[in-house]
Amino acid sequence: MAFVATAGAVLFFALALLAGASWLFGGEKGFLGADDSCAQNQFSCGALLELVTTLLAGAIAYVSFQYWRAYRVVRTHLKMGSKHPWRLVPTATEMRDVVGREGICDIIEDDLCQQDRRPQILVAGVGEGKTAVLVRLTSILVERGAVPVPVRLRDATTSLDFVDLAKKRFHECVEPQILSDDEGDKVWRKFFNDGRIVVLADGLDEVMRESDAREQVIRAGVERAKADHLPLVIASRPDEALENLDAALIHLEPLSSTAAVRCIRVAHPESRLDVREFVEEAGIGEAPLFLHLARELHAARRLEGLAYGNSQLSMRIGLLEGWCRWLLERRGAAQLPEDRKAALDALEGMACHALANHSLEVSLEELEDSPYAWAGQEHRPPLRRVARVGQDMELIDWVDGAIRFRHSLMQAYLGAQRLPAVLVNDSHGYLDTALEHPSRELLIALAICCQRWENDAARLGISARLEEAACTHRGPVALDLLAAAYQIDEMVEGDVSPSLTAAAKDVWKRAETPRPPGDVKADEAKLRAIARMHKAGGVPTYEVLWQVCLTQDVYGIRLAAAQALAGGGVEAHQAIEAHVSTPEDLRGRLTVAGRASREAVREGSLLGWILPTLLDTCCPRQGPVDRARVDRLRQELDDWVSHAEHGIHLGVESCFAQGFKHAANRLPQRTHPEVREYLIGLAERLLGSSNWWYTRLCLLHALTLWALDTDDPGRADLVKTVESAVAAERHPFVREAGRMCRAALRAPTSGDAALHSGPSRFIWIDETGVVTRIGSRDAVSDPFARTGLWIPPAVGWHTLAWPARWLVAEVLLYLNLIEGGEFPAGRPDLDRTQVAQQREERRQKVATLGAQLPACILHSRDREARLLLRDGHDPSVSSCRDSCPFDLCPYPARSERPFRGEMSETFCREQKRILRTRRRRLKQSQYDALLPLPSGKTAAGRLQKFWTEMERRVARIGV
């Protein structure tokens, strides 16, 4: 309709120009004799003219509304979204620069443009930057021609209708520009029907929190939005209601330190402060609130004068204290300093009360009778006045007789200021109430309180209460309580308390309870607990982590715990020395022909992950070295590699190769030259003897990372080793990985050029880790950050060049096909040892077939028909087993977790995006037998269908 009307308007003006030209230059008869013809047929010519004039005038009216009136109405809205996008987002405060989020915004925007789009849910925890992404996405959408409409989901009180919420919000934004409500409806319908409206909804976790029908309401609202093909992006904290939603989940990751440094430096370029050291030590990238505060203080020339401690928590407390002090002293504010001080004191008590009720919001009526809000205060200021001043200070929102804290981390900090007065006697049972349903904000507040409260007895008392609560709760809450207890116990001089170690063993034992595949909330809580335990250190803590490695079924959890042990140095070696020093019997059970138990395989695999890096951390480049300990570790590694040269369990062999790659990822400045040369020699020996393709792939990556050191005198020989190994390789995946290694060796390793061609573009550290993380390209530009790694943890699949993205997808797909599920669902007759033995038998069979690939990996036709689109445990559909020598199919069923874990939804969509954009400008001969991209529309279409099913599988749709 719009095209026809536009064509009619253009035709009208063309006829008008033609008529004018005919009158001026056409003579008596006009152009083509039109005037003479009309003079002889006046009735026909007049009727036709009236008809055409009416139609074209209508077209002009329609076009004038479409292209003038409609855009005039939204012009102010779009201008605001371009220059001040935070003013459009009702849950946001001022954010003039949102850095480091372009990658995730581009991914979301690209998915919004697809015909088969689904609602997208951005998931992140406390203060991790969900709202900041929505602010940046608002400005990007405006630049690209869309009309973003941000809404606040806590306004939905009885039902969840995204279209209705967006329509109301749109009318509020354009109300000054419309002449009537009817015109506003017309403008809304015009942009909505054109697909230009994009709804950005914040706070799904706050929808109808007290309603029993909450999950059904949320599911119905999301399904309705999907049925209407509404471009929709939702921000939410982790929530049970997100499970099994027909929506694409995107888990937000911490901001890279490079982007945070760039943002803060711009505020005060002349400063001599080492901004990078401050950003990395304080973990600024983990919470955009801290980035905002640091930038404001740096612009006000106050960042350099802040008092910092020697821990991340103390540095963050110093930042929050400095910002609050500047807030009180700031000139030009609307309120007097004494009014701001009184309001801030009152808000501390309000935050303390809200933390006990695990809520960001509290009504003024509740505060009147609160036993916590006024502890330690002699006078109560008028609550409404406090609310007005707090809102002007941009700390809270005051709506319908209730206050709501804008930042959960700021709420935790303010509440922590009042907690000492509340906890001195605790006559009202504050902790008893708060720990019934503890929020992460409460745990942060308790940690801040203990950091400021220099009383070891009080600290140990709170730590003991957290230990007790951790032993009574289950799931992610118990792990978060355990992590908080470790954080507080770390503030007290001496080793970790025995009671905390016992509590940790109990909590992790209960965490072994099988949970549904894809339980991201539980997995993230486990990773947080492992990180906190690693920071606390100590031999007892590392003993617990060793048990975690042995008992946890999730690949990513085991790997994270193993890396924590590997980085623990001497203390970690003391904790596991009994397992490291007596592996002779273990090696004997892990031969190629042996049928090792699951426990033996697990222990050998963990030693493979740990020993290479542990040798490096036990032998620091500077400082004293326990030579006897280092010699014992070297002897153990040498024995394992010698055993592997004569034939070893292939799963354990590949874990040692991964361990070498983790050790090689450490920068030369962090590695002792003697250890480095020793590990290179072991890796070369293992590369020359292995017939398992995945071991060789990992070792090529490891040798390439060691060869990145241009100052190493032996670099030429190392490069020659990599080149000769690639030239002799026959397996297509390893051969293609070798080509990526060659590109990495030619690429710059630092500076701006590394953003486009650094080693992180071609090499990954762990397949499962890289495909489940979007990552940040900013992290690539400065590998010499405090991580001390060539490829830092912030790197994900978005950093990889697209041929490497395709390769890592194929490698992980093949590994999951070979290794199957962690423990097949619906098969109680199989024990775990039997499953582990069958997994190794499949590896051995694949190894005997050499460089061949199974049909379900090599051909899109077989992949679609055999690999995935079948139930994983129905023997009647195993049609490939009679003809395929590999005997690997089917892929693990949707009801079970693959051994190495699932790919993320966003990564599966990336594979479809590569196919959709038809990036096949490189010659097919460059890829030989590898399947980097299919040839022909049929193959591309089949693979797109395959990756669509993979995305649905990961999202648990239809299970």
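A short tour of the structure in this document, coming up. Because the structure is a prediction, the values reported are computed rather than measured. (Residues numbered from 1 in each chain as written. Predicted model: local features only at pLDDT ≥ 70, side-chain atom pairs only at ≥ 80, totals over all residues. Heavy atoms only, no water.)

### Notes on helix α32 (residues 715-728)
The following threshold applies: Helix and strand assignments follow DSSP, with helices taken as H or I runs no shorter than four residues and strands as E runs no shorter than two, numbered in order from the N terminus. Each residue after the first adds 1.5 Å to the expected span of a helix. Each residue is placed in one exposure class: buried if its accessible area under a 1.4 Å probe, protein chains only, is under 20% of its type's maximum, exposed if it is over 50%, and partly exposed if it falls in between. Our arc is simply the arc of the directions from the helix axis toward the C-beta atoms. What makes two residues a contact is simply this: any of their non-hydrogen atoms within 4.5 Å.
For α32, spanning 14 residues, the distance from its first C-alpha to its last is 20 Å, which sits close to the expected 20 Å at 1.5 Å a residue. Among all positions in α32, only Leu 718, Val 719, Val 722, Ala 725 and Val 726 are buried. Along the axis of α32, the buried positions cluster into a sector of 125°, meaning they face one direction only. Exposed and facing more than 90 degrees away from the buried side of α32 are Ala 716, Asp 717, Lys 720, Ala 727 and Ala 728. Buried residues in α32 make contact with α30 (673-689), α31 (693-706) and α33 (732-746).

### Description of the sheet that holds strand β3 (residues 197-202)
Just so we agree on the cut-off: Note: two strands are recorded as paired if DSSP finds a minimum of 2 bridges between them. Angles here are taken between N-to-C directions and fall from 0 to 180 degrees, while the axes themselves are lines fitted to C-alpha atoms, restricted in helices to the stretch in contact.
Taking strand neighbours across the sheet as the criterion, the five strands line up as β2-β3-β4-β1-β5 in an open arrangement whose pairing is parallel. Each of the sheet's edge strands pairs with one partner strand only, and the pair in question is β2 (147-152) and β5 (248-251). Pairwise comparison of adjacent strand axes, ignoring direction, gives a mean angle of 20° for this sheet. Sheet topology places β2 next to β3; six bridges connect them, and they run parallel. Within the sheet, the bridge partner assigned to Val 147 lies in β3 and is Ile 197. On the sheet, helix α6 (residues 162-174) packs against β2, β3 and β4 (232-236) and is oriented at approximately 105° with respect to β2.

### Quick look at empty space enclosed by the protein
What counts, and what does not: For cavity detection a 1 Å grid was placed over the protein atoms alone, and a set of points counts as a cavity when a 1.4 Å probe fits there but cannot get out; an open set counts as a pocket when protein lies on both sides within 12 Å along at least five of seven lines, with lining residues being those that have an atom within 4 Å of a point. Grid points are joined across faces, edges and corners, and a volume is the space filled by probe spheres set on the points.
The tally for this structure, following the rule as stated, stands at four cavities of 30 Å³ or more. Empty space within the largest cavity amounts to approximately 250 Å³. Around the largest cavity, the lining is made up of 21 residues, and of these Val 601, Arg 602, Ser 605, Arg 839 and Phe 899 lie nearest the centre. Of all the secondary-structure elements, those providing two or more residues to the lining of the largest cavity are α24 (555-566), α27 (598-618), α29 (650-664) and α37 (832-848). Among the elements that line the lining of the largest cavity, the one with the most residues is α27, at six residues.

### Thoughts on the pairing of strand β8 (residues 402-405)
Burial of the side chains of β8 extends over both faces: Ala 402 and Arg 404 are buried on one face and Ile 403 and Phe 405 on the other. The pairing of strand β6 (residues 361-363) with β8 spans three bridges and is classified as antiparallel. Directly across from Glu 361, in β8, lies its bridge partner Arg 404. Here four bridges tie strand β7 (residues 396-399) to β8, and the two strands are oriented antiparallel to one another. Pairing of Ile 396 across the sheet is with Phe 405, part of β8. The turn linking β7 back onto β8 is made up of two residues, and Asp 400 within it adopts a positive phi angle of 55°.

### A closer look at the packing of aromatic side chains
The condition is simple: Any Phe, Tyr or Trp ring, taking Trp's six-membered ring, that has another such ring centre within 6.5 Å forms a pair; planes under 30 degrees apart are called stacked, those over 60 apart edge-to-face, and the others tilted. Lysine and arginine charges are scored as sitting over a ring when NZ or CZ, respectively, is within 6 Å of the ring centre and within 35 degrees of the ring normal.
According to the stated counting rule, one finds eleven aromatic pairs in the structure shown. An angle of 85° between the planes, with centres 5.6 Å apart, marks the rings of Tyr 555 and Trp 609 as edge-to-face. In this pair, Tyr 555 sits in helix α24 while Trp 609 sits in helix α27, placing the two residues 54 residues apart along the sequence. Residue Tyr 555 shares its accessibility class with Trp 609, and that shared class is buried. Through a chain of ring-to-ring contacts, three or more aromatic side chains come together here, namely Trp 692, Trp 693, Tyr 694, Phe 733 and Tyr 814. Cation over ring: Lys 190 sits above Phe 191, and NZ or CZ is 5.2 Å from the ring centre. The positively charged end of Arg 634 is found above the aromatic ring belonging to Tyr 678, 4.1 Å away from the centroid.

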